[in-house]
Amino acid sequence: MEVLTNSTIQWDIQSYESVDSTNRIVKQTLAAGAEEGFGATALQQQGGYGRQGRTWESPVGGLYTSLAFRPIEKGIPFENIPLLSLVMSLAVARTLTSLVEDASKIAIKWPNDVLYDGGKIAGISLEAVSGGICVGIGINLFPNNNTGEVSGKYRLSYVRNEIVQDELSAEQRSFMSEALRALLKEIAYAYEQWVMEGFAPFIDYYRNSMAFLGSAVCLEAIDGSILCEGVIEGVDDEGRLLVRTLSGEVLHANSGEVHIKALQ
């Protein structure tokens, strides 16, 4: 793909049919001194992974993209880098509002999973490499017939319902390209605003986009142990999850330490 210019970011996106991981490509390039804006996108990954190293199934039918950023060089403190994950989730959600049938069904499961009608449609990972940040994004655009049953609510986690087997049609490839361009535009806008103004301009928008806001949940540690139960009240200015526990205490949870499990 040609270099795209969005404000001060010059995108240089390398396109692949299939790779082991677009994250690997971007991380290696960052380690070699790549500038901000380099990226890799693929139609299929053999070894894709998401947040905390979890396996991300990456069959044909998804948009898998990794991007290089250097926010520390722009004055962002290292301790604020996790906020970029939340900012990216908003950019992905904004992109999808123009692609799905009902934008009101889009929500963000803290910190950065994007849902559609309750089903996960996109995930985001952040990795620090050689002073830079690799942002990995996977979006399920078309269901793949080789991944099993495609029906009911599971089907609603995809943007398009045209089933893919081994190859994308010319129309589907065109749609993928349009989705990528829209994504890069939203990411550039959100990233530059975050660099200039911090997370404050995003807090209300993020809170209003949250899944399970006002709902009872339990917080699980990385090892699966239950930390507490409570009601989600939003996020603070550091992007930490606010949960009011059964005792009335408000807990501030970090994304690297816990994840949400909804209560029935």
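The structure displayed is predicted, hence computed values, not measured ones.

Moving on, we get to the side chain of N23. Its place among the elements puts N23 in helix α1 (residues 22-31). Within the structure, the side chain of N23 is placed 3.4 Å from the side chain of S125, a separation counted as a polar contact.

The five strands lie next to each other as β12-β11-β10-β9-β13, forming an open sheet whose pairing is antiparallel. A single partner strand is all that each edge strand has here, and the edge strands are β12 (250-253) and β13 (258-262). Ignoring which end each strand starts from, the neighbouring axes of this sheet average 45° apart. Looking at chain direction, strand β11 (residues 241-245) and β12 are connected through four bridges and run antiparallel. Pairing of L242 across the sheet is with H252, part of β12.

The pairing of strand β2 (residues 9-19) with strand β3 (residues 38-45) spans seven bridges and is classified as parallel. If you follow V19 over to β3, its bridge partner there is Q45. After leaving β2, the chain enters α1 and then returns to the sheet as β3, a path that is right-handed.

Time to look at helix α4 (residues 170-197). Given a rise of 1.5 Å per residue, 28 residues ought to cover 40 Å, and the 41 Å separating the end C-alpha atoms of α4 matches this to within 8%. Phi turns positive, to about 80°, at G198, one or two residues after α4.

On to the environment of F38. Counting through the fold element by element, F38 comes out in strand β3. Linking F38 and I13, residues 25 residues apart in sequence, is a C-alpha distance of 5.9 Å. Dropping the residues within four chain positions of it, F38 is found in contact with D12, Q14, I25, V26, T29, S66, L67 and A68.

Among the nonpolar cores identified, the biggest contains 66 residues, and W110 and W194 are the most heavily contacted of them. Ranked by residues supplied to this core, first place goes to α4 with twelve residues. Those residues in contact with W194, other than ones at most four positions away along the chain, are P71, I76, N80, I81, L83, L84, V87, F199 and F202. In terms of nonpolar packing, the next biggest core, distinct from the first, is built from eleven residues, I25, V26, A40 and C134 among them.

This paragraph deals with the packing of helix α2 (residues 83-97) against α4. Axis separation between α2 and α4 bottoms out at 8 Å; the angle between their running directions is 140°. As summarised for this structure, α2 and α4 are arranged oblique, according to the angle between their axes. Between α2 and α4 lies a crossing of right-handed hand. Side by side, α2 and α4 meet where L83, L84, V87, M88, A91, V92, R94 and T95 of the first sit next to A179, A182, L183, E186, I187, A190, Y191 and W194 of the second. Of the residues in the contact of α2 with α4, the class split is 13 nonpolar, one polar and two charged.

Take the environment of Q10 next. Inspection of the secondary structure assignment puts Q10 in strand β2. Look at Q10 and you get exposed, because its relative accessible area is 51%. Each C-alpha atom of the pair Q10 and A188 lies 9.3 Å from the other, and the pair is 178 residues apart in sequence.

What follows concerns the state of the cysteines. Covalently bonding the sulfur atom of one cysteine to the sulfur atom of another cysteine gives a disulfide. For the structure on display, the rule yields zero disulfides. Here C218 stays unpaired: no disulfide links it, and the sulfur of C228, its closest cysteine neighbor, is 8.3 Å away. With a relative accessible area of 3%, C218 lands in the buried category.

Glancing now at the packing of aromatic side chains. What the rule picks out here adds up to six aromatic pairs. Each member of the aromatic cluster is reached from another via a ring pair, and the members are W11, F69, Y191 and W194. Over the face of the ring belonging to F175 we find R160, whose NZ or CZ atom lies 3.9 Å from the ring centre.

Here the amide bond leading from W110 into P111 is cis, since omega sits at 5°, within 30 degrees of zero. Looking at where P111 falls in the secondary structure, it is placed in the loop between β5 (106-109) and β6 (113-116). The residue S130 is not glycine, and still its phi comes out positive at about 50°. As for its position among the elements, S130 is in the loop between β7 (119-129) and β8 (132-140). In the Ramachandran plot, F212 falls in the positive-phi region, its phi being about 70° despite a non-glycine side chain. Secondary-structure assignment places F212 in the loop between α5 (203-209) and β9 (216-221).

Cut-offs and rules
- Residues numbered from 1 in each chain as written.
- Predicted model: local features only at pLDDT ≥ 70, side-chain atom pairs only at ≥ 80, totals over all residues.
- Heavy atoms only, no water.
- Helix = DSSP H or I, 4+ residues; strand = E, 2+ residues; numbered from the N terminus.
- Polar contact = N/O pair within 3.5 Å; in protein donor to acceptor, adjacent residues only side chain to side chain.
- Pairing = 2+ DSSP bridges.
- Axes fitted to C-alpha atoms, helices over the stretch in contact; angles between N-to-C directions.
- Right-handed = clockwise from strand over helix to strand, strands pointing away.
- Expected span 1.5 Å × (residues − 1).
- Contact = heavy atoms within 4.5 Å.
- Core = buried A, V, L, I, M, F, W, Y, C linked by side-chain atoms within 4.5 Å.
- Buried < 20%, exposed > 50% of the residue type's maximum accessible area, 1.4 Å probe, protein only.
- Parallel < 35°, antiparallel > 145°, perpendicular 65-115°, else oblique.
- Left-handed = near helix turned anticlockwise from the far one by under 90°.
- Nonpolar A, V, L, I, M, F, W, Y, C, P; charged D, E, K, R; others polar.
- Disulfide = S-S within 2.5 Å.
- Phe/Tyr/Trp six-rings, centres within 6.5 Å; stacked < 30°, edge-to-face > 60°.
- Lys NZ or Arg CZ within 6 Å of the ring centre and 35° of its normal.

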